[in-house]
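Residue-level structural notes
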Amino acid sequence: MASPSLRRADIAAALAVLPVAAYVVYESGRWPRLPDLGNPAWIPRGVAACLAGAALWLLGRALTGRSLPLVSPLLGADRRRVLRVAALTGAYVLGLEPVGFLAATALYLLGFGAALGERRWGRLALFAAVVPVAIHLLFDQTLNVPLPRGPFR
Amino acid sequence: MVDPGLLLQGFGTVLSGYNLLALVLGSFFGIVIGAIPGLTATMGIALLVPFTFGMAPITGIVMLLGIYTGAIYGGGIASILIKTPGTPAAAATVLDGYPMAQQGLAGKAIGIATVSSGIGGTFTALCLTFFAPILASFALRFSAPEYFALAVFGLSVTVTLSGRSPVKGVISGLLGLLIAMVGLDPMGGFPRFTFGRPELTGGLSFVPMLIGLFALAEGFRQVELLRSAPRVAAALRNVLPALADLRACAGAYLRACPIGLVVGITPAIGADTAAFLSYAETKRASRHPERFGQGEPAGVAAAQCGENASTGGDVLPMITLGVPGDAATAVLMGALTIHNLQPGPMLFQAHREVVHQIFAGMILANVTFVVLGLLFARFFARVIDIDRTYLVPLIFICCLVGSYAINNVLYDLVTCAVFGVLGYVMLRYDFPVAPMVLAQILGGMLESNYRRALAMAQGDASIFLRRPIAVVILVLAAVTTVVAVRRQREALRLEATSRRAAG
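In this text, all values refer to a predicted model and were calculated from it rather than measured experimentally.

Parameters and conventions
Residues numbered from 1 in each chain as written. Chains lettered and ligands numbered in written order. Predicted model: local features only at pLDDT ≥ 70, side-chain atom pairs only at ≥ 80, totals over all residues. Heavy atoms only, no water. Helix = DSSP H or I, 4+ residues; strand = E, 2+ residues; numbered from the N terminus. Rg over C-alpha atoms; globule rule 2.2 N^0.38 Å. Buried < 20%, exposed > 50% of the residue type's maximum accessible area, 1.4 Å probe, protein only. Contact = heavy atoms within 4.5 Å. Lys, Arg positive; Asp, Glu negative; His and termini not counted. Charge placed at Lys NZ, Arg CZ, Asp CG, Glu CD. pLDDT = per-residue confidence, 0-100. 1 Å grid on protein atoms, 1.4 Å probe; cavity = no way out; pocket = protein on both sides within 12 Å on 5 of 7 lines; lining within 4 Å. Points joined across faces, edges and corners; volume = space filled by probe spheres on them. Nonpolar A, V, L, I, M, F, W, Y, C, P; charged D, E, K, R; others polar. Buried area = accessible area lost by both parts, 1.4 Å probe. Salt bridge = Lys/Arg side-chain N within 4 Å of Asp/Glu carboxyl O. Polar contact = N/O pair within 3.5 Å; in protein donor to acceptor, adjacent residues only side chain to side chain. Expected span 1.5 Å × (residues − 1). Bend = angle between axes of the 7 residues up to and from the residue.

**Description of the overall build of chain A**
- Each helix and strand counted, chain A has 5 helices and 0 strands in total.
- Radius of gyration (C-alpha) of chain A: 24 Å, far over the 15 Å computed for a compact globule of 153 residues.
- Projected onto its principal axes, the C-alpha coordinates of chain A cover approximately 60 × 60 × 25 Å.
- By the burial criterion, 43% of the 153 residues in chain A qualify as buried.

Here it is, written out as C-alpha cells:
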C-alpha cells in the first residue's frame, strides 16, 4: 500500500492562505500614505505577494503529486482523543470566567483524564482536586496574580 | 568590554536569596522537562514565563536561563536510558550513550554527559560574557538600514532552514510577518488588520501566542502519542565520573566547545546540529573511530559538550542585536521584553548591571545543572517513566492559566488556545512553527527600520545600497538563502531516492 502523503493537507493549506494574501492587498489599499516614510502598504503587499506565490507553489506541487509523505496519519483512537481534548479545552476557555478557576479546572482535569483513558477514578478525583488548589495558591497567594472566582466573587 | 567589577557584583546578585533559589528551581525543572521525551527546552521556557511575572526581572531571567541550559542537558538522560532523545538536541547522545547503558554503564554515561554538558555550557557562557559587549559596542554603529538588513538576514536564514519543506517554512514565516503587522502602524499610528477589535490595536499578545505555539501545541502532540510513552529498564550506579574518564574525553571537549559556539551563533541551526557536528569531528579525529557507536564515552562527551556549547552562541545575537537565532532564544527574548528589557546594543548602555547579572546567571546555570544532575541522577531517570495521563493535563493547565495570568483577560486565554491548535495542526502537517515566531519578532524590526531608513533618506530607497555594512549583510542573506535552499533540495532528493530504493 502506498504511504499516505500530505497532498490533501497541502491543498487545504494553500487554499486557506490565498484569501489571506488577497485580504492583505485589499486592506492595505485603504491605508493613508505618509510623505517620505514610504508607502505603508509596500511591505504588507510584498509579503502578501510572496505568500500567494508560496501557496501557489505548494498547491502546484500537491496537484502534481509531489507532496511529501505523511509521517504518521492521525486515525482512530488517537484522533478521537485529540478531538475530545480540543473540545474540552475549548469549553474550559469559555467556562473559566463564569464558572471560576477552581471548579472549572477540577472539571477540566476530570474530563481530560477520562479522555486520556484513565479509569482509576479515585486517583483522578484526587488529582483534579489537588492541582487547582495548588495552582490557585501559587498564582493567587504567592505570585499575587488573581484567578477568576466565578460565582464566588 | 566586560566590566569585571560588575560581573563580580552580578555573581553576588545571582547567588543571593531568591535569585539562587530561582536558578536552582529553574535548572531542576529544566532537567525534568529535558528528560521527558517530547518536551523541549523551548516548551519549558514558554511554560514558565508566566510564573516569572511576579518576580524581580533578574530573578525571573536566571530562572529561565536555568530552564534553558538544564533542558538542553537533560535531553541526554533519556537518550542514554531509553534510546529516545529527551529533546531533539540530544539525538547524537543516543549513538554511544545507549550502547553504554546496554553494557551496564548507564551511570558512567550519565556522569560523563553531565560533566561534558557543564564544560561546554560554561565555555560558551564565558565566551558570551567576553564577546557580547564587544559585539554590542560594534552594533552601536548600526542604524536603521543595518537593522533592516539584519532582520532580512535573520528572516531569510531561519525561514529557509526550517523543516523538511522550504516552501512551508516560507509560508510559516510570511504568516508570522503578517501577524507582526496586526495593531497600530509603527510610523503612522493607524490601525491595521484589527477588524475593528480594540483588543487588537496593541497587536496580538505575544507571550500567550508563544505559549500556544510552543507549549500547548506540543501538549496536543503528547495527547496523540500517549500510548507510545517509553519505559526505563537500565539501572543507575556510580554516576560520578572518574577523572581518568574525563581526561580521556579532553580531545572531544577541545573540538566540541568551539564547534558548539560557532553553530550556536549561526542563525537557525542550534544544539542538535552542534551535537552531531561535534560527534562527527571527534569520531573523525579519534585513533579508534570504530569504537564510536559501540559505547564510546568520548562520543557521549562530544555530543553533550557540543549541544550545551551552542547555548551561549544562541544567546549572543539575541542579546546583542535583538535577533534570536532559534525558537528557544526567541522565547527568552520575549521573556526579557516583558520584564522591560529590550535586547539589543542599547541594553548594554541602559542596563549594564542587568546584562552582567545575565552573564553571571548563564555561567552559574551551567554549574547548577552539573551539581543537580550528579546529585539527583536517579530521580531524573525516574521522571522519564512519569504517567503521561497526569502530566499532559498539567501541561495544558499551566499553559492556559499562565496565559490568562499575564493580563487577567479572556482574550489572552483565547489567543493561547487558538495558537495552540494552530501550532499542533502545523506540527502535524509539516509546517515548522519556529519561523512564524521568529518572523514576528524580526517583522517588527524589519518594517520599522525600513520605514525609518526611508525617512532618514527622504524616501530614497538607495540608502540600503549606500551603507557598506547593510550591503554586506544583505549579500550574506542572499548567499546563505541560496545555499540553504540548495542543500535542502539535495537532502529531499536523497530522501526520495532512498524511499524509492526501499520500495
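Further notes follow.
**Details of the overall build of chain B**
- Broken down by element type, chain B carries 22 helices and 2 strands.
- For 503 residues, the compact-globule estimate of 2.2 N^0.38 gives 23 Å, and chain B sits close to it at 22 Å.
- For chain B, the C-alpha atoms occupy an extent of roughly 70 × 60 × 45 Å along the three principal directions.
- When each of the 503 residues of chain B is scored for burial, the buried share is 61%.
- By sequence separation, contacts in chain B at least 24 residues apart represent 79% of the contacts at least 6 residues apart.
- Within chain B, the 24 negative side-chain charges are centred at a point lying 6 Å from the centre of the 32 positive side-chain charges.

**So, the confidence of the model for chain B**
Residues and elements named next belong to chain B.
- Looking at chain B, the pLDDT average stands at 88 and 96% of residues meet or exceed 70.
- Of all the helices and strands in chain B, helix H22 (residues 468–501) carries the lowest mean pLDDT, 80, while helix H16 (residues 352–375) carries the highest, 95.
- Among the scores for the predicted complex, ipTM is 0.93 and pTM is 0.86.

**Description of empty space enclosed by the protein**
Residue and element names in this part refer to chain B.
- Under the definition given, this model contains 1 cavity of 30 Å³ or more.
- Considered as a void within the structure, the largest cavity measures approximately 50 Å³ in volume.
- Lining the largest cavity are Ile 61, Leu 65, Val 315, Met 318, Ile 319, Leu 332, Leu 336 and Ile 358.
- Looking at the lining of the largest cavity, the elements with two or more residues in it are helix H4 (57–82), helix H13 (297–321) and helix H14 (327–338).
- In terms of residue count, the dominant contributor to the lining of the largest cavity is H13 (3 residues).
- Taken together, the residues of the lining of the largest cavity break down into 8 nonpolar, no polar and no charged.

**Concerning the interface of chain A and chain B**
- On the side of chain B, 61 residues touch chain A, which itself brings 64 residues to the contact.
- Both faces combined, the contact of chain A with chain B buries some 5,600 Å², and carbon together with sulfur accounts for 78% of it.
- Connecting chain A to chain B are 3 salt bridges.
- In this structure, Arg 120 of chain A and Asp 387 of chain B form a salt bridge, with 3.2 Å as the shortest nitrogen-oxygen distance.
- Summed over the shared surface of chain A and chain B, the result is 8 residue pairs in polar contact (both at pLDDT 80 or more).
- Elements with a minimum of two residues in the side of chain A that touches chain B: helix H1 (7–28), helix H2 (42–63), helix H3 (76–99), helix H4 (101–115) and helix H5 (121–142) of chain A.
- The class makeup of the residues in the side of chain A that touches chain B is 50 nonpolar, 5 polar and 9 charged.

**Quick word on the side chain of Gln 357 of chain B**
- Along the chain, Gln 357 of chain B falls in helix H16.
- Residues in contact with Gln 357 of chain B, not counting those within four places in the same chain, are Gly 10, Thr 13, Val 14 and Ile 58 of chain B.

**Here's the deal with helix H20 (residues 434–456) of chain B**
Residues and elements named next belong to chain B.
- With 23 residues, H20 ought to run about 33 Å at 1.5 Å a step, and its terminal C-alpha atoms sit 32 Å apart, in line with that.
- Taking the largest bend as the criterion, H20 deviates by roughly 35 degrees, centred on Leu 442.
- Within H20, 18 of the 23 residues are buried, which leaves it mostly tucked inside the rest of the structure.
- A positive phi of about 50 degrees marks Gln 458, the residue just after H20.

**A look at helix H18 (residues 388–407) of chain B**
Residue and element names in this part refer to chain B.
- Look at H18: 30 Å from first C-alpha to last across 20 residues, which is about the 28 Å you get at 1.5 Å a residue.
- Of all 20 residues in H18, 17 are buried; the element is thus mostly enclosed.
- Backbone geometry just after H18 places Asn 408 at a positive phi near 55 degrees.

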